[in-house]
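Listed here are the chains, written in short residue letters.
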Amino acid sequence: MKDYRASREQAEPALEQVLPNVQWFPGHMKKARDIITDNLKLVDVVIELLDARIPYSSANPMLKEIIAGKPRLVALNKADLADSQITRQWISYFRQQGTPAVAVDATQGQGIKQLVSLTENLARPMTEKLVARGAKARAARVMILGIPNVGKSSLINRLAGANKTKTADRPGVTRAKQWIRLGGSLELLDTPGILWPKFEDMTAGLKLAFTGAINDEVVDRELITGVFLQTMAAMYPERLRERYKLTGELPAEPHELLELIGRKRGCLVRGGIIDTEKAQRIVLTDFRSGKLGTVSLDMPPETVQSMA
Ligand code: G4P
């Protein structure tokens, strides 16, 4: 158990506590980018997978540069965990920017049909152009890109399950690639592109830690949970009250709020001391599994216009 009162006296947690660079140093980023660039040569359009709860924070800041003009659409995954009204606002926002967008739930399959049909629409002008130039008609090829844990494998599995035919290795492509047939005129590369998350934006880093996009093992979990509780107390106080049966004013100090929740949940060690480690696990697990209700932590204001 940790007393992190002292660290709360600092204005903000240190960047390296929130976003330790252990997973993604420049060498990793270069390798990831090289793999994506290699695969991009094989595809006509890209699906950028974002976390519907944090569409801004889960976006890779260099995506546009990486995909270098390839048509792209945005799939807001884990929509079952996000506030549907805010997800709708994000979809309108992306559409206003000229980027098709759709909300999906890769685990349950919601939005998948719409995703396939939007992808077909996006790819159609390109395949029609090829035919107009006298090339043989062929399926448009697609790949999925996203940061770790956003649901890339789940989405690919869902699409592969819904579309049983996996095409054979394509002859003429240097390295064997597996393609999954989607709808009538699409093929999806079954290996997603793994993007690195935002590093230098503290607020985004915190949200990535809340959702589990940054591995819990490398962050200060109690610190993260304290900040998460503060955020929830500001944005969705009623959810905390309901879930943990809290009454009256919520404590402003995050450690007090965590201790209160721990007490309510019977997280006690000998001598009546609160097991904040256990309380912290309960809170983050509740959030990530939707037990705190649908929560959206990024809004689509002007400040994020540069991302689309
Ligand atoms: P990745 O390939 O991008 O790294 O992500 P992956 O598909 O492995 O998904 C990461 C976690 O997110 C998994 O949970 C997965 O079940 C969950 N997930 C993916 N899409 C959705 C969605 O639309 N809604 C919800 N609620 N969850 C989603 P996990 O706990 O790590 O593993 P699991 O035991 O649940 O499979």
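Because the structure is predicted, anything quoted here is derived from the model rather than measured.

*Asks:* It is not clear to me how the site of the ligand should be interpreted in this structure. Could you clarify?
*Replies:* For the ligand, the set of nearby residues contains 15 residues, the closest of which are Asp 80, Asn 149, Lys 152, Ser 153 and Ser 154. Here Asp 80 contributes a side-chain N or O atom positioned 2.8 Å from a nitrogen atom of the ligand. Within the side chain of Asp 105, one N or O atom sits 3.1 Å away from an oxygen atom of the ligand. Relative to its free-state accessible area of 700 Å², the ligand is covered by the protein chains to the extent of 58%. If you tally residues by element for the shell around the ligand, the top one is helix H7 (residues 152–162), at three residues.

*Asks:* How should the environment of Leu 50 be read in this particular structure?
*Replies:* Along the chain, Leu 50 turns up in strand E1 (residues 45–51). What makes Leu 50 buried here is its relative accessible area of 0%. For the pair Leu 50 and Val 74, spaced 24 residues apart in sequence, the C-alpha separation works out to 7.1 Å.

*Asks:* Explain the pairing of strand E2 (residues 72–77) to me, please; I cannot follow it from the model alone.
*Replies:* On a regular strand, each side chain points to the face opposite its neighbour's, so the side chains alternate between the two faces of the sheet. For E2, the buried fraction is high: six of the six residues fall into the buried class. A two-sided burial pattern is seen for E2, the buried positions comprising Arg 72, Val 74 and Leu 76 on one face and Leu 73, Ala 75 and Asn 77 on the other. Across six bridges, E1 lies against E2 in parallel orientation. Paired with Ile 47 across the two strands is Leu 73, which belongs to E2. Running through helix H5 (residues 84–96), the crossover from E2 to the neighbouring parallel element strand E3 (residues 101–103) is right-handed.

*Asks:* What's the story with helix H12 (residues 276–288) in this structure? I'm lost.
*Replies:* Note: α-helices contain 3.6 residues per turn, so residues at a spacing of three or four share the same orientation. For H12, spanning 13 residues, the distance from its first C-alpha to its last is 18 Å, which sits close to the expected 18 Å at 1.5 Å a residue. Residues of H12 that are buried: Thr 276, Ala 279, Gln 280, Ile 282, Val 283, Leu 284, Asp 286 and Phe 287. Considering only its buried residues, H12 is in contact with helix H8 (202–211), helix H9 (221–235), helix H10 (237–244), helix H11 (254–264) and strand E10 (273–274). Two residues or fewer after H12 comes Gly 290, characterised by a positive phi angle close to 85 degrees.

*Asks:* Please clarify how the packing of H9 against H11 should be interpreted in this entry.
*Replies:* Two quantities define a packed helix pair, namely the angle between the helix axes and the distance between the axes. Closest axis-to-axis distance for the H9/H11 pair is 8 Å, and the angle between their directions is 90 degrees. In this view, H9 runs roughly perpendicular relative to H11, as classed from their interaxial angle. Contacts between H9 and H11 involve Thr 225, Gly 226, Leu 229, Gln 230 and Ala 233 from the first element and Pro 254, Leu 257, Leu 258 and Ile 261 from the second.

*Asks:* Which parts of the structure should I look at to understand the packing of aromatic side chains?
*Replies:* To describe a pair of aromatic rings, you give the distance between the ring centres and the angle between the ring planes. Per the counting criterion, the structure on display carries five aromatic pairs. Summarising the aromatic geometry, the rings of Phe 210 and Phe 228 are spaced 5.2 Å apart at their centres and angled 65 degrees between planes, so their arrangement reads as edge-to-face. With Phe 210 in helix H8 and Phe 228 in helix H9, the pair connects residues that are 18 residues apart, well separated along the chain. Classification of Phe 210 by relative accessible area gives buried; the value is 1%. Ring pairs connect the aromatic residues Trp 90, Tyr 93 and Phe 94, which therefore count as one cluster. When the ring centre of Trp 179 is taken as origin, the NZ or CZ atom of Arg 141, which lies over that ring, is 5.9 Å away. Between Lys 198 and the ring centre of Tyr 56, over which it is positioned, the NZ or CZ distance is 4.0 Å.

Criteria and thresholds
- Residues numbered from 1 in each chain as written.
- Predicted model: local features only at pLDDT ≥ 70, side-chain atom pairs only at ≥ 80, totals over all residues.
- Heavy atoms only, no water.
- Near = heavy atom within 4 Å.
- Polar contact = N/O pair within 3.5 Å; in protein donor to acceptor, adjacent residues only side chain to side chain.
- Areas by Shrake-Rupley, 256 points an atom, 1.4 Å probe, with all protein chains shown as cover.
- Helix = DSSP H or I, 4+ residues; strand = E, 2+ residues; numbered from the N terminus.
- Buried < 20%, exposed > 50% of the residue type's maximum accessible area, 1.4 Å probe, protein only.
- Pairing = 2+ DSSP bridges.
- Right-handed = clockwise from strand over helix to strand, strands pointing away.
- Expected span 1.5 Å × (residues − 1).
- Contact = heavy atoms within 4.5 Å.
- Axes fitted to C-alpha atoms, helices over the stretch in contact; angles between N-to-C directions.
- Parallel < 35°, antiparallel > 145°, perpendicular 65-115°, else oblique.
- Phe/Tyr/Trp six-rings, centres within 6.5 Å; stacked < 30°, edge-to-face > 60°.
- Lys NZ or Arg CZ within 6 Å of the ring centre and 35° of its normal.

Keep in mind that these numbers describe shape and distance, not what the molecule does.
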